[in-house]
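# Overview (structure and organization)
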Protein chains: 2
Amino acid sequence: MTKLRCGITVSLDGYVAGPNQSADNPIGEGGLRLHEWVFPTKTFLAMHSDAGGGETGVNDDVLRETFAGLGATIMGRNMFGPVRGPWGPDPWKGWWGDNPPYHHPVFVLTHQPREPLVMQGGTTFHFVTDGIESALAQARTAAGGRDVMVAGGASAIQQYLRAGLIDELELHVVPLLLGAGERLLDGVDASHVKLELIRTLDGPGVTHIKYRVTKATGR
Amino acid sequence: MTKLRCGITVSLDGYVAGPNQSADNPIGEGGLRLHEWVFPTKTFLAMHSDAGGGETGVNDDVLRETFAGLGATIMGRNMFGPVRGPWGPDPWKGWWGDNPPYHHPVFVLTHQPREPLVMQGGTTFHFVTDGIESALAQARTAAGGRDVMVAGGASAIQQYLRAGLIDELELHVVPLLLGAGERLLDGVDASHVKLELIRTLDGPGVTHIKYRVTKATGR
């Protein structure tokens, strides 16, 4: 069985987005600083440019491992994109422009039915209105024997954790205190899941902690 | 200058105590499971028994390092002990019986003045009513060239973090979700402190992450 994985960057105080999220600043005040470890890596640059270059090392290894063997992504409505925003008349295009960095099918959890949106580079957004289990079943089929990633946001991840559906959780913990914002691990407790440490790696400016997740069996 | 250190065990969702804390269960439901990594270590057993034995390895090394070079401890009122409880007529004795595991001066933050309480084994509790900076000054003097530890609870640690007084923060992160309770890092943000990763160590059932903490300078 392939895995449902979740890999996400959090501040040391557990936030995946800073305070005062808005259409102009979807990851909130200070939220961009969470992702600074990603930008200089060779893997990230290769996904966003043909220029080559970038840093190798622990952070690059972890990022490459994240995308390896991945066949589909699931995300919440707000992670996909805002309902209205300053970038043009069509709010249903997603945050990433014409060529999103996924390059595989992406399943967006929403209440609003809509035709699939085919982008450049192999990414197609599918809008799923009948719940997280349906989205997972569709993603598994689309992934064709590869893993599926729940990319975010916090609410989507919490739903999958509470349902005991996530197999592997990797937190990229950044030494930053946001003080407020959107917390990843809220409303999920040991009655939902059991965690087991797989490994920890220190990269520049970030600690990568990977856990095996199993469904809690009574208590 | 000696360091003001903080070392504390947290669940992956950031709690230092579980929900429904009470005089009978001061670390809340599920809270004791946070500390399971400590109990089998050689260092912990040596502090609580003359029988010898216990496990060596990463967890024991980290615990030994925590106590090495420590000359005084600071704690909040609730960590010291309850106002009333089931253990007898004197609520001002602390949780730890006649011979607490500190073996050095302990400064308790409280609003109620009281004479120092001399225990067996070198621990004396001093009750400080004039604030965290006074407690730190007294602790530094008492520590005589060794480090001072802020042991908890969350509120005391938050006060010292917000004041920019902590030099080193070590979190022992346990793969457990408590879902509710007392969160360590609440109300502290990057305007108070700047964190820099020193090192991460994996022990059985716990990840030890140590940060250098510096006072934030504007922003």
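## Examining the relation of the copies chain A and chain B
The two chain copies are connected by a rotation around an axis plus a translation along it. With an RMSD of 0.0 Å, chain A superimposes on chain B once it is rotated by 180 degrees and translated 0.0 Å along the axis. These values place the two chain copies in the arrangement generated by a two-fold rotation axis.

## Comments concerning the pairing of strand β8 (residues 168-174) of chain A
Residue and element names in this part refer to chain A. Judged by how many residues are buried, β8 sits mostly within the fold: seven of seven residues are covered. In β8, alternate side chains face the same way, and those of Glu168, Glu170, His172 and Val174 on one face and Leu169, Leu171 and Val173 on the other are all buried. With six bridges joining them, β8 and strand β11 (residues 206-215) adopt antiparallel strand pairing. Counted as the bridge partner of Glu168 is Arg212 from β11.

## Brief notes about the confidence of the model for chain A
Residue and element names in this part refer to chain A. Put simply, chain A has an average pLDDT of 90, and 94% of its residues get 70 or more. In this model, residues 85-89 is a region of pLDDT below 50 whose contacts with residues beyond four sequence positions or in other chains number four contacts. In the predicted assembly, ipTM is 0.82 and pTM is 0.88.

## Observations regarding the interface of chain A and chain B
Every contact between the two is made by 30 residues of chain A and, on the other side, 31 residues of chain B. Overall, the association of chain A and chain B removes approximately 2,300 Å² of surface from exposure, summing both partners, and the carbon and sulfur fraction of that is 61%. For the pair chain A and chain B, the number of links is two salt bridges. Broken down by element, the side of chain A that touches chain B gets its largest block of residues, seven residues, from strand β10 (residues 193-203) of chain A. Of the residues assigned to the side of chain A that touches chain B, the class counts are 18 nonpolar, five polar and seven charged.

## Overview of the nonpolar core
The nonpolar side chains of soluble globular proteins are, as a tendency, buried together. Tyr160 of chain A together with Tyr160 of chain B are the most contacted members of the largest nonpolar core, which has 75 residues in total. What Tyr160 of chain B contacts, discounting residues up to four positions off in sequence, is Leu4, Ile74, Leu109, Ile132, Ala135, Leu136, Val150, Leu165 and Ile166 of chain B.

## Focus: the sheet that holds strand β6 (residues 124-128) of chain B
All names here are of chain B. What the nine strands build is an open sheet, ordered β5-β6-β4-β3-β7-β1-β8-β11-β10; its pairing is mixed. With partners counted over all chains shown, the strands left at the sheet margins are β5 (117-118) and β10 (193-203), one partner each. Relative to β6, strand β4 (residues 105-109) runs parallel, the two being bridged by five bridges. Bridge assignment links Leu109 to a residue of β6, and that residue is Val128.

So, how was this worked out
Residues numbered from 1 in each chain as written. Chains lettered and ligands numbered in written order. Predicted model: local features only at pLDDT ≥ 70, side-chain atom pairs only at ≥ 80, totals over all residues. Heavy atoms only, no water. Least-squares fit on C-alpha atoms with pLDDT ≥ 70 in both. Buried < 20%, exposed > 50% of the residue type's maximum accessible area, 1.4 Å probe, protein only. Helix = DSSP H or I, 4+ residues; strand = E, 2+ residues; numbered from the N terminus. Pairing = 2+ DSSP bridges. pLDDT = per-residue confidence, 0-100. Contact = heavy atoms within 4.5 Å. Buried area = accessible area lost by both parts, 1.4 Å probe. Salt bridge = Lys/Arg side-chain N within 4 Å of Asp/Glu carboxyl O. Nonpolar A, V, L, I, M, F, W, Y, C, P; charged D, E, K, R; others polar. Core = buried A, V, L, I, M, F, W, Y, C linked by side-chain atoms within 4.5 Å.

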